[in-house]
Amino acid sequence: MKTRRLDNYGKINRDKILSFRWDKKNYKGFEGDTLASALLANNIGIVGRSFKYHRPRGIFSSGVEESGALVTIGSKDRRDPNVRATTQELYNGLEASGQNAFPNVNFDLAGINNYLGRFFAAGFYYKTFMGIPPFEWGRGTAIWMFFEKFIRKAAGMGSASELPDPDSYEHAHDFCDLIVVGSGPAGVAAAIEAVEKKLDVILVEQDSLVGGDQLAENNFDNSQIKNQLENLGIKIMTRTTAFGLYDNCVVGLLERVTDHISAPNVNIPRQRFWTIRAKHIIVGAGAIERHIAFNNNDIPGVMTVNASKHYLNRYGVLTGKRIAIATNNDSVYETAQQLSEAGANVTVLDSRTNFEIETNKSFEIRKGYVPYNINGSKKIHSLDISKSEDMNKFETLNCDQVLLSGGWSPAVHLLSHRGVKPKWDYNNACFLPTDTKENITMVGSSRGLWNKNDCIASGIAGTTDALNRLGISKTNYFFPKPGGWKNPIQPLYEVKYKKSRPKSFVDYQHDVTTDDVRLAHREGFISVEHLKRYTTLGMANDQGKMGNIIGLSLMAELLNKEIPEVGTTVFRPPYTPVSIGALSGRNVGKHFRPLRVTPMHQWNIGHGAKMIEVGLYQRPWYYPKENETLSESYIREASTVRKTVGICDVTSLGKISIQGPDSTEFLNRIYSNGFSKLQVGKARYGIMLRDDGIVMDDGTSWRLAENEYFMTTSTGEAAKVMSWLEELLQTRWTDLNVNVTSVSEQWAGVSVAGPKSREVLNNCLDDSLVITNNNLPFMGVTSTFLKGNIPCRIARISFSGELAFEVYVKSDFANTMMDLLWENAKKYDGCLYGLEALGALRVEKGHVTAAELDGRVTIDDAGLSKMASTKKSYIGSAMRKRGVLKNNDREILVGFFPTNLKETFNAGTIVCEKNNIKGQGIGRITSVTYSPELGHWIGLGFVKGGLDKWKDTNLVGADPVRNKQMNLKVVSPHMIDPKGERMYA
Amino acid sequence: MIRINCPYCGERDHSEFSYGGDATINYPSLDASEKEWTEAIFFRKNIKGFQFETWHHSNGCRMWLVVERSTVTHEIKSVKPCNPNLQKVVENNK
Ligand SMILES: [Zn+2]
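Everything quoted here is computed from the prediction, not taken from an experiment. (Residues numbered from 1 in each chain as written. Chains lettered and ligands numbered in written order. Predicted model: local features only at pLDDT ≥ 70, side-chain atom pairs only at ≥ 80, totals over all residues. Heavy atoms only, no water.)

Help me get a handle on the coordination of the zinc ion, residues and values and all.
All names here are of chain B. Protein ligation of the zinc ion involves Cys6 (SG), Cys9 (SG), His57 (ND1) and Cys61 (SG), the donor distances falling in the range 2.0 to 2.3 Å. Seen from the zinc ion, its four donor atoms lie at angles of 105 to 118 degrees, and the figure they make is tetrahedral. Coordination of the zinc ion draws on donor residues from a single chain, spaced C-x2-C-x47-H-x3-C in sequence. Of this pair, Cys6 sits in strand β1 (residues 3–6) while Cys61 sits in the loop between β4 (50–56) and β5 (64–70), and the two are 55 residues apart along the sequence. Judged by relative accessible area, Cys61 falls into the partly exposed class, the value being 25%. (Donors = N, O, S within 2.8 Å, 3.2 Å for Na, K, Ca; no water. Tetrahedral: all angles 85-135°; square planar, octahedral: opposite > 155°, others 65-115°. Helix = DSSP H or I, 4+ residues; strand = E, 2+ residues; numbered from the N terminus. Buried < 20%, exposed > 50% of the residue type's maximum accessible area, 1.4 Å probe, protein only.)

Explain the interface of chain A and chain B residue by residue, including any values.
With 29 residues of chain A in contact, the opposing surface of chain B contributes 24 residues. Here chain A packs against chain B, burying approximately 2,200 Å² in sum over the two surfaces, 55% of which is carbon and sulfur. The largest share of the area that chain A buries against chain B comes from Arg277, Gln730 and Met879 of chain A, three residues that together contribute 25% of it. Joining chain A to chain B, the criterion identifies two salt bridges. With a shortest N-O distance of 2.5 Å, Asp13 of chain B and Arg277 of chain A are connected by a salt bridge. Taken together, the links from chain A to chain B amount to 13 residue pairs in polar contact (both at pLDDT 80 or more). Elements with a minimum of two residues in the side of chain A that touches chain B: β16 (271–283) and α18 (718–732) of chain A. The element best represented in the side of chain A that touches chain B is α18 of chain A, accounting for eight residues. Of the residues contributing to the side of chain A that touches chain B, the split by class is ten nonpolar, nine polar and ten charged. (Contact = heavy atoms within 4.5 Å. Buried area = accessible area lost by both parts, 1.4 Å probe. Salt bridge = Lys/Arg side-chain N within 4 Å of Asp/Glu carboxyl O. Polar contact = N/O pair within 3.5 Å; in protein donor to acceptor, adjacent residues only side chain to side chain. Nonpolar A, V, L, I, M, F, W, Y, C, P; charged D, E, K, R; others polar.)

Talk me through the pattern of salt bridges; I want residue IDs and the actual numbers.
Residue and element names in this part refer to chain A. Counting across every chain of the model gives 54 salt bridges over all chains. The partner of Arg469 in a salt bridge is Asp465, and the shortest N-O contact between them spans 3.3 Å. With Arg469 and Asp465 both in helix α9 (residues 452–469), this residue pair falls four residues apart, about one helical turn. Take Arg469: its relative accessible area is 31%, and that puts it in the partly exposed class. For Asp465, a relative accessible area of 5% gives the class buried. Here Asp692 makes a salt bridge to Arg690, at a shortest N to O gap of 3.0 Å. With relative accessibility at 25%, the residue Arg690 sits in the partly exposed group. Overlapping salt bridges bring together Arg642, Glu802, Glu844, Glu933 and Arg982 as one network.

Printed below as a string of structure tokens:
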């Protein structure tokens, strides 16, 4: 193939020369070029290697259906793989390279795969999963593990950058009456008609220019149309792809804002992800020309006919010197004439024998001829053709390019996203869109109209349809009939080649051949959806835009059915690939999710806290002194709490104010333990179950007054518990006079724990008498004042097992409270402690948290049977002993010690019997810590049958992930002070 | 891309709401049998067409709503507060 730029053709700006790099060499193009047109103008034929066989591939098309010219753009952190060269606009300094080849696309070592074809046939990957018969059958995992890295390396198209994406992306929203997808003649007519009828219109075009297929006409002036549309007040969005249609007339758009600019303004996002809410959608997405399957139909130099017309008239590139055009329809003749006028020697092979066509006779037409084999490997030397009715009559045609047109497929993709099935049209050999009740109208060639006037008429009819459906008008309208060619199309999908193992490609991008489809059929994959998955036909990022119909026709032939009986696969969004960056928008890095901090966040950091994320919250993890490590720090903190006193920020706990005359009844129904007799001035630990009897959350509720409670929940379940309480009050118990209000943000909370906690707190209070053992016994609650007249709530609650208090002040006083407590705690050699020490203290005591209450555990499993009242009914009481929940081999909460006390273990360790180390074992370790009190590692977790069954047995902890194993013994979860004497001190 | 017309807040995007569940369940009394609770919790119809379901306006007014929605088209026919007392208030304010 010899491609060259012509002087008098094209709409490129020849005054603006752009330099670019292709596979490390410098080239030049013009403003208005795509990378593909610039490569062709530089006579570069091979632009990639194919997926499985590493065959050289060229440029097949001029648009989004491209399945050959997939290239990598940019380098380092801006390396973007699998970009279609046909839609990538050229810019100065663009850097691009071919893919799937080593060392380069012209000389690729893996090209050997081409000769190993039978090992890469349909289902190769699946067979590898299962094992290769007869030796490996059923032992597939091992062989897959072995082959995986080679397959992934060999079959992996381009590779994405592993560096953080330096570009920004954004999400945007808009509204309109009518959105028109596609700016071809139909879309433009629809938009103009709509704006004249006073609709608010957005016109979306994936190309950089408006005009659609008219851009391939030599006398088309796109700027004039653009001005006209803009003057009418239509919002035009170019470089924007409508990639999906969703419920209620929502359209997803991807706007490529700076992908065509060499040095984009860093303040502008690279791409914008739009959600458009329209009242009506008109789709004029055009049609896509199909190729024809025959041997070697993928040699560089093969292209669709219409693509060559685009390259000629839009980019001024003549794509061949001696051009053979193979077709079965009328659409190629205008192009043939123009190519011939531009200086090419053109021969048209038309599979039809009986038809009339008007041409200027500047090229030869071979009626009743089809192509069956291309000779050449890196470029086309000649084409073997034969009579379509008599395959024995064959000859060889010298040519350097083969253009194909096997018919046109309307782009029904967007409609398919809405679950609307297209209908096969025999006359036009294509799927046509069908009607939908949703406000979506298809116009132009995406409804199978092949000539411009029909397209324009359909655009106007489409808008009338929209106006009628929106109730604005009641006007009769009709759509032109599908078709528009003088002579009917004659189905032609494949020309068979008698030699063995032909390479007749159906899906270029995934290297699926006609043989693969037949093999899949022989192996029993006869449903289209199975065929698709087994052969991967249509599963590349072009989604089979060119090849799907050919695959269907082959399957129909094999099944002795018609295409509509075989069906069609459903197209799903996105129409063309959408980058992950655009999907995430601004939700990346620290904005990935909201960050919650407590009011004493800065205070904590100022006092040396290292922070950790718990849910959305940042919580103090540990407070290292000088060079302390995490473990040194938490062990010191936990020991200090047990010895003297420690202070810990517990603000992240959920806090709910419960008010109203029926509050007590309400709590009594939602907690498993009794609340009816809780006195004012007392708090109680409570467990909430779900309807199905599983533990939902635990926390405390403080009775502040006759009709007022202050509830705390766990950090992680705070939002869920709040919604749950609202649900119960608004849907089930609407007769209860109770009001619930989240006050999590209003109160700052701190735990003061340790034998000296009362003394420290005393020094901080205006009235030191309120918290004596008599005035504030265990679980007592009081409202009083910190020094400086700061109102506070205090409850004598212990999570650590030590004498301890939770103190709450209004959030604004958080820092003052911390200063006051810390100043006094220091006098007793106290410490600040974080989540890690808090965890150590509670594991020592056998207190459960989210690690244990994981949504599978019952009260009994958690060893809290005493918390389940037998005197009342409550949420979950009917279900907590149902079926499997009452089995006596359930996993019960226990403590674990390593048999050898010098050993350690990790959370996640599977507990097994000694000679039976497999599967899920008989239990699991959920939380572990070093116990400063006991001087060795301890764990909390579950084991089938609980302590009673295993207390004298040596068990094994298996940790296959970390390749670790240790001997374990089961102990009571209450590993320290089981009677709780310290708390009551 | 559902939009729900909250009786208190007006029409809002579904991202402001959390899905609840079947709104037609009459939950048994707390002392009802395990069998009754099993029916109420685990047995659900798989409706093709309009169904009543609860949604929580969790990023809005916090009201629990009964939404009549088509499982096929997402069309929403009606939206009401779950709480009959609130329903009355809404009716009176119309
Ligand atoms: Zn609301």
